[in-house]
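# Per-entry structural report
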Amino acid sequence: MDAVAMAPARNRTANPAPLALARWLMVVALMIVAIVVVGGITRLTESGVSITEWKPVSGALPPLTEADWQAEFAKYQQTPQYVLVNGPAGMTLATYKFIFFWEWVHRLLARAIGMAFALPLAWFWLRGRIPAGYKPRLLALLALGALQGAVGWWMVKSGIAHDIKVSHFRLAAHLLVALTTLAGVVWTMLDLRALSRGEPRARLTGFAALALAMLLVQLFYGALLAGMRAGTVAGGGWFNWDVWPLMQGAFFPAGIEWSLGAAHAFFSDPYLVHFIHRWWAWAVVAVLVVMGRKLRRAGARPVSVAIHSAFGTQIVLGIATVMSGVTIWIAVLHQLTGALLVACTAWGAHRLGKQV
């Protein structure tokens, strides 16, 4: 009787219950989705270079006095964005405070995510509650978070010193690191939930890898499009079919600058980048429909419904963003749904990986 009673205790010591870690990672995933949304607002309000210094500790507090605000504003007035655009437009301190707010919230949330990941990780580690084989993966996710912070500052620097906006390549890198981290957190969370039920880890199948890679290309082009402010190159106007599915009244847009080479056209020409983003989306939809059918056959209908709902909403919001002339709240919802689509696709890939 004593031996039987003691067995569960020994099992708990040898294999710490992973459900608490899964719940913790769920919170982290939601925080990453939140920062992707705030990042979208920051980009759309041209707030990204409003804070010209990176102060990990003291920067957590906004300016508290009028003198502090004037000092921050004076630093911003040295940037190309102010000198060439906002200064001539008559930017006031009140307007500067508005764009400062969004960049400050973005950075504050980044700090919060770092603490929400690192501190519980340390606690679980010291308490011996991390299951075997998961420490390297959790450290890798922590490293991705640190990389995201470094890439974020690298991106901002390009707008402080070189241009009126940040580099669209650095913006793409910043977004893709965030979404890759999100996918990794979701996958690890699902593995831990499976472990809590005594199930093995999932494997990444070839088909799931293809779906994720195709989605990554779409996200990359979406980030390039956003960074180049290319959402309006097709024109604008609700239910104006010359804007969508056409671009300025034609299927293939005029005005692509080929003289600088194919690489420049495919990655830096706003017309071609916009064209690729809107039509590659349908290739992604096709592969996600196949994924959904595979999931239904595997008895995972909720995952299939989630994926279909996410990409369907994303397509509608993408079209609405273009037709509205990039109305901020629609564009932000488009970015939010993009992050949710990444999470849903990672979920679907994980579920397919449980079949092998």
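Anything mentioned here points back to the structure above.
Worth saying up front: this structure is predicted, and the values here are computed from it rather than measured.

Let's shift gears to the overall build of the protein chain. Secondary structure assignment for the protein chain yields twelve helices and zero strands. Expected size for 356 residues packed as a compact globule is a radius of gyration near 21 Å; at 23 Å, the protein chain falls within 12% of this value. A principal-axis box enclosing the C-alpha atoms of the protein chain has dimensions of 85 × 55 × 35 Å. Taking all 356 residues of the protein chain together, the buried fraction comes to 47%. Of the roughly 17100 Å² of accessible surface on the protein chain, 69% is carried by carbon and sulfur atoms. Positive and negative side-chain charges of the protein chain, numbering 29 and 13 respectively, have mean locations separated by a distance of 16 Å.

Let's shift gears to unusual backbone geometry. In this structure, Pro245 follows Trp244 across a cis peptide bond, with omega equal to 10°. Position of Pro245 among the secondary structure elements: in the loop between α8 (206–227) and α9 (262–268). A positive phi is found at Glu46, a non-glycine position, where the angle reads about 55°. You can see Glu46 is positioned in the loop between α2 (19–44) and α3 (66–76).

Tracing the backbone shows Arg111 in helix α5 (residues 93–126). It is Glu103 that comes nearest to the buried, bridge-free Arg111 among opposite-charge side chains, at 8.5 Å. Setting aside its immediate chain neighbours within four residues, Arg111 contacts Trp54, Lys55, Pro56, Gly59 and Ala60.

Let us now look at helix α12 (residues 328–353). With 26 residues, α12 should reach 38 Å at 1.5 Å per residue; the first-to-last C-alpha distance of 38 Å fits that figure. Within α12, 19 of the 26 residues are buried, which leaves the element mostly enclosed by the surrounding structure.

Before going further, it helps to spend a moment on the environment of Leu333. Here Leu333 shows up in helix α12. Residue class for Leu333 comes out partly exposed when judged on its relative accessible area of 32%. For the pair formed by Leu333 and Trp123, sequence separation is 210 residues and the distance between their alpha carbons is 35 Å.

Moving on to the packing of aromatic side chains. Inspection of every chain in the model, using the stated rule, returns 20 aromatic pairs. Between Trp238 and Phe239 the ring centres are 6.4 Å apart and the planes differ by 45°, which places this aromatic pair in the tilted class. For Trp238, a relative accessible area of 49% corresponds to the partly exposed category. The class for Phe239 is exposed, based on a relative accessible area of 60%. In this structure an aromatic cluster arises from ring pairing among Trp69, Phe73, Tyr76, Tyr82, Tyr96 and Phe100. A cation sits over an aromatic face here: Arg201 above Tyr134, 4.5 Å from the ring centre.

Let's shift gears to helix α10 (residues 270–297). Helix length check: α10, at 28 residues, gives a terminal C-alpha distance of 41 Å against a target of 40 Å (1.5 Å per residue), a fit within 8%. Two or three places before Tyr271, at the start of α10, stands the capping residue Asp269, its side-chain oxygen 3.0 Å from that residue's backbone nitrogen. Downstream of α10 by one or two residues, Gly299 has phi in the positive range, about 80°.

Bringing the pattern of salt bridges into the picture now. Think of it this way: side chains of opposite charge can pair up when their charged atoms draw near. Tallied over the full model, the rule gives eight salt bridges. In this structure, Glu53 engages Lys55 in a salt bridge whose closest nitrogen and oxygen atoms are separated by 3.3 Å. Since its relative accessible area comes to 31%, Glu53 is described here as partly exposed. Overall, the relative accessible area of 36% leaves Lys55 in the partly exposed class. Here Lys354 and Glu199 are joined by a salt bridge, their closest N and O atoms 3.1 Å apart.

A separate point is the environment of Val185. Along the polypeptide, Val185 turns up in helix α7 (residues 168–196). The buried category is assigned to Val185, whose relative accessible area is 1%. For the pair Val185 and Ala223, spaced 38 residues apart in sequence, the C-alpha separation works out to 21 Å.

A few words now on the side chain of Thr345. Mapped onto the elements of the fold, Thr345 is located in helix α12. On the basis of relative accessible area, Thr345 is assigned to the buried category, the value being 0%. When sequence neighbours within four positions are dropped, the list of residues in contact with Thr345 reads Leu212, Leu215, Leu288, Met291 and Ile307.

A word on the nonpolar core. Ranked by size, the top nonpolar core spans 76 residues in total, and within it Trp24, Leu138 and Leu182 carry the most contacts. Elements supplying a minimum of two residues to this core: α2, α5, α6 (135–161), α7, α8, α10, α11 (301–323) and α12. In contact with Leu182, other than residues within four places in its own chain, are Ala29, Ile32, Val33, Ala339, Val342 and Ala343. Counting 24 residues, the second largest nonpolar core, distinct from the first, contains Ile35, Met91, Trp104 and Leu171.

Attention now goes to the packing of α6 against α7. Each pair of packed helices gets described by two things: the angle between the helix axes and the distance between those axes. In contact at an axis separation of 9 Å, α6 and α7 are set at 165° when each is read in the N-to-C sense. Relative to α7, the element α6 lies roughly antiparallel. As α6 packs across α7, the resulting crossing turns out to be left-handed. Seen from α6, the contacting residues are Arg137, Leu138, Leu141, Leu144, Leu147, Gln148, Val151, Gly152, Trp154, Met155 and Ser158; seen from α7, they are Arg170, Leu171, Ala173, His174, Val177, Ala178, Thr181, Gly184, Val185, Trp187, Thr188 and Asp191. Class assignment of the residues belonging to the contact of α6 with α7 gives a composition of 13 nonpolar, seven polar and three charged.

The rules we used
Residues numbered from 1 in each chain as written. Predicted model: local features only at pLDDT ≥ 70, side-chain atom pairs only at ≥ 80, totals over all residues. Heavy atoms only, no water. Helix = DSSP H or I, 4+ residues; strand = E, 2+ residues; numbered from the N terminus. Rg over C-alpha atoms; globule rule 2.2 N^0.38 Å. Buried < 20%, exposed > 50% of the residue type's maximum accessible area, 1.4 Å probe, protein only. Areas by Shrake-Rupley, 256 points an atom, 1.4 Å probe, with all protein chains shown as cover. Lys, Arg positive; Asp, Glu negative; His and termini not counted. Charge placed at Lys NZ, Arg CZ, Asp CG, Glu CD. Salt bridge = Lys/Arg side-chain N within 4 Å of Asp/Glu carboxyl O. Contact = heavy atoms within 4.5 Å. Expected span 1.5 Å × (residues − 1). Phe/Tyr/Trp six-rings, centres within 6.5 Å; stacked < 30°, edge-to-face > 60°. Lys NZ or Arg CZ within 6 Å of the ring centre and 35° of its normal. Polar contact = N/O pair within 3.5 Å; in protein donor to acceptor, adjacent residues only side chain to side chain. Core = buried A, V, L, I, M, F, W, Y, C linked by side-chain atoms within 4.5 Å. Axes fitted to C-alpha atoms, helices over the stretch in contact; angles between N-to-C directions. Parallel < 35°, antiparallel > 145°, perpendicular 65-115°, else oblique. Left-handed = near helix turned anticlockwise from the far one by under 90°. Nonpolar A, V, L, I, M, F, W, Y, C, P; charged D, E, K, R; others polar.

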